[in-house]
Amino acid sequence: LKETTFVRGRYDMVVYLQDCIRIVDFKTESFNQKDLAMVLHKYRVQCDLYCYAAKQLFKRLNLPVEFVLFSTQDGEVLHYNEGQLKTIHESVKKW
């Protein structure tokens, strides 16, 4: 039997721009003075899944999807772009 996994989540904010769809996720932690690669790594699965879902949900718009982490503590913004999402897209296609 093939095991099925369900994931549930909710976008904090979706912004429709002329050149992309931007998913914004608010985080209460500070990104200031942190290794930003480690912060992105910490949220990678969430970023991948949210962007994949947005790509499917808004596919008729044919726009790239960008995921943004926004720290409510220090206003720092981290961008996670579609180029970083290739791995999850390939593995989800195999499901």
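If you're wondering where the values come from, they're calculated on a predicted model, not measured in any experiment.

A.B. asks: What am I meant to see in the packing of aromatic side chains here?
C.D. replies: Each aromatic ring pair is described using two quantities: the centre-to-centre distance and the angle formed by the ring planes. Under the defined criterion, the tally for this structure stands at 4 aromatic pairs. With 5.4 Å between their ring centres and 90° between their planes, Tyr16 and Phe58 make a pair best called edge-to-face. Residue Tyr16 is located in strand E1 (residues 13-16), and its partner Phe58 is located in the loop between helix H2 (44-57) and strand E3 (65-71); the two are separated by 42 residues in the primary sequence. With a relative accessible area of 52%, Tyr16 lands in the exposed category. For Phe58, a relative accessible area of 12% puts it in the buried group. Ring centres of Phe26 and Phe70 lie 5.8 Å apart, and the angle between their planes is 85°; on these two criteria the pair is classed as edge-to-face. Placement of the pair is Phe26 in strand E2 (residues 21-27) and Phe70 in strand E3, with a sequence separation of 44 residues. We classify Phe26 as partly exposed; its relative accessible area is 35%. Given a relative accessible area of 27%, Phe70 falls into the partly exposed group. Three or more aromatic residues joined by ring pairs form one cluster here, namely Tyr11, Tyr50 and Phe67.

A.B. asks: I'm lost on H2 in this one. Help?
C.D. replies: An α-helical turn contains 3.6 residues, so any two residues separated by three or four positions project in the same direction. Over its 14 residues, H2 extends 20 Å from the first C-alpha to the last, a length consistent with the 20 Å expected when each residue adds 1.5 Å. When we look at burial in H2, the residues that qualify are Gln46, Cys47, Asp48, Tyr50, Cys51 and Ala54.

A.B. asks: Is there a simple way to think about the sheet that holds strand E4 (residues 77-80) in this case?
C.D. replies: Strand pairing in a sheet is mediated by backbone hydrogen bonds. Such pairs are either parallel or antiparallel. Ordered in space as E1-E2-E3-E4, the 4 strands form an open sheet in which the pairing is mixed. Since the sheet does not close on itself, it has two edges, and those belong to E1 and E4, each with one partner. Geometrically, the sheet is characterised by an average inter-axis angle of 25° between neighbouring strands, direction not taken into account. As paired strands, E1 and E2 are joined by 4 bridges and run antiparallel to one another. Residue Tyr16 lies in a different strand from E2, and its bridge partner there is Ile21. Set on the sheet, H2 makes contact with E2, E3 and E4; between it and E3 the angle comes to about 140°.

The rules behind the values
- Residues numbered from 1 in each chain as written.
- Predicted model: local features only at pLDDT ≥ 70, side-chain atom pairs only at ≥ 80, totals over all residues.
- Heavy atoms only, no water.
- Phe/Tyr/Trp six-rings, centres within 6.5 Å; stacked < 30°, edge-to-face > 60°.
- Helix = DSSP H or I, 4+ residues; strand = E, 2+ residues; numbered from the N terminus.
- Buried < 20%, exposed > 50% of the residue type's maximum accessible area, 1.4 Å probe, protein only.
- Expected span 1.5 Å × (residues − 1).
- Pairing = 2+ DSSP bridges.
- Axes fitted to C-alpha atoms, helices over the stretch in contact; angles between N-to-C directions.
- Contact = heavy atoms within 4.5 Å.

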